[in-house]
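A look at the structure
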Amino acid sequence: MENFAFYNPVKILFGKGQIANIAAEIPADAKILITYGCGSIKANGVYDQVKSALAGRNVFEFGGIEPNPHLETLLKAVELIRKEGIDFLLAVGGGSVLDGTKFIAAAVHFVGDPWDILAKQAPVTAALPFGAVLTLPATGSEMNTNSVITKWETQEKLYFASPLVFPRFSVLDPETTFSLPPRQIGNGIVDAYTHVMEQYLTYPANAPLQDRMAESILKTLIEEGPKTLANPQDYDARANLVWSATMALNGLIAVGVPQDWTTHMIGHELTALHGLDHAQTLAVVLPSTLTIRRDRKSQKLLQYAERVWGIVDGDEAERVKEAIAKTRNFFESVGVRTHLSDYGVGLDTIPAIIKNLEKHGMTALGEYKDVNPQVVEQILTLSA
Ligand code: NZQ
Ligand code: ZN
């Protein structure tokens, strides 16, 4: 096991009715800005719950944060915060609203062009405190330091991370997710699944506890995902999906082990250029990445095949092939298509994707840092 430091201070308020308890988590004299998306919280009653929990408080609002949140939109919130002297943010929505709010929190005190926080990885030295009410299980943003932002003007989608943007608290009430359409549930299942895979499916690091935890999350997603799709109002199945998605990317399974974020990095470029949902890009790229990298990943692929899918028959190559096929079928079974052609994207996009990866310094991806542009080309070609 590699050395590691682990720190995660996020207070989780899990379960039915927890929105009612947020006032106690926010300083009484705070000037609060509620940030939200494009209307779902008004349609499903979450907005009303938040407003009544904060009755009597000094509350401002900023709506319109779009999926794959845009820098251009978020900078308007920064202006409002500076003008009104707002000192606490409350993000209410999916990963895009949470990520956007993390960026806003960091940008308010940033000196210079805030896009540098992503484009130049400029250090974040201060951030406004914020809390979250999560309405879409997928990204893990509710319990991590990551934020992924799109600059619309240049069609770039980049990430930053800073311990200063951990939420102070996150409310996870599964009932707030009952209004999600099947497409977003499928997306959430695939995103969480891929997060686990990118931290687990590398090479053995003598970290059996992290391995077993990762496998547990994968198996839970395989078992509970279809249940929650079939019965969207089944509280228990949905609660299990919500908690699995949080556990998939809160740092716990990443400690002491190698990681491979190839699929996500290629995926971000696909979204930036072609507008696919985040999880759609992962469903397309992950099976091809595993196939192209099957020799370097063979030990973990065989472990994955046996422990997650119960595949024990056949020679090693057959078992690996079957495990990757099961992964693809699982994604398809939850409604997320797994080929570029399903989204009208042709292989003629490959040079542009590679050019953008090069521009963003992503030419040595993977746990061995040997996923170079040639390997990316092979992966995308196989994703046709
Ligand atoms: O904007 P509204 O009206 O709220 O609608 C949203 C949006 O259209 C809707 N929605 C959310 N909760 C709902 C709901 N509709 C009905 N009922 C509800 N309860 O769902 C749509 C998608 O929302 P979005 O927040 O974009 O989805 P998701 O949570 O999947 O977030 C995706 C973003 O997170 C980034 C992705 O790149 C993408 O930009 N990621 C963030 C990560 C992180 N912070 O650690 C890691 C991930 O790998 C990912 O990259
Ligand atoms: Zn993701």
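Here, the structure is the one placed above.
Residues numbered from 1 in each chain as written. Chains lettered and ligands numbered in written order. Predicted model: local features only at pLDDT ≥ 70, side-chain atom pairs only at ≥ 80, totals over all residues. Heavy atoms only, no water.

Notes on the coordination of the zinc ion (ligand 2)
Donor atoms from the polypeptide that bind the zinc ion (ligand 2) are Asp191 (OD), His195 (NE2), His264 (NE2) and His278 (NE2), placed at 2.0 to 2.2 Å. Spacing between the donor residues of the zinc ion (ligand 2) along their common chain follows D-x3-H-x68-H-x13-H. You can see His195 sitting in helix α6 (residues 182-200) and its partner His264 sitting in helix α9 (residues 262-274), a full 69 residues away along the chain. Judged by its relative accessible area of 3%, His195 falls in the buried class. (Donors = N, O, S within 2.8 Å, 3.2 Å for Na, K, Ca; no water. Helix = DSSP H or I, 4+ residues; strand = E, 2+ residues; numbered from the N terminus. Buried < 20%, exposed > 50% of the residue type's maximum accessible area, 1.4 Å probe, protein only.)

Brief notes about the sheet that holds strand β1 (residues 11-14)
Taken together, six strands build an open sheet; the order of strands is β1-β8-β5-β4-β2-β3 and the sheet is parallel. Pairing within the sheet leaves two strands with one partner each, and these edge strands are β1 and β3 (58-62). Here the strands of the sheet are splayed against their neighbours by 20 degrees on average, with no regard to which way each runs. When strand β2 (residues 31-36) meets strand β4 (residues 88-93), the two strands line up parallel, connected through five bridges. Of the residues in β4, the one forming a bridge with Thr35 is Ala91. This element, helix α2 (residues 46-53), spans β2, β3, β4 and β5 (130-134) of the sheet and lies at about 155 degrees to β4. (Pairing = 2+ DSSP bridges. Axes fitted to C-alpha atoms, helices over the stretch in contact; angles between N-to-C directions. Contact = heavy atoms within 4.5 Å.)

Examining the site of ligand 1
Of all residues adjacent to ligand 1, which total 32 residues, the nearest are Ser40, Gly95, Ser96, Lys157 and His195. In this structure, Ser40 approaches ligand 1 through a side-chain N or O atom, which is 2.7 Å from an oxygen atom. Here an oxygen atom of ligand 1 and a side-chain polar atom of Asn144 are 3.0 Å apart. Across the complex, the protein chains shield 89% of the 970 Å² of accessible surface that ligand 1 would expose by itself. Elements with a contribution of two residues or more to the shell around ligand 1: α4 (95-107), β6 (146-151), α6 and α9. (Near = heavy atom within 4 Å. Polar contact = N/O pair within 3.5 Å; in protein donor to acceptor, adjacent residues only side chain to side chain. Areas by Shrake-Rupley, 256 points an atom, 1.4 Å probe, with all protein chains shown as cover.)

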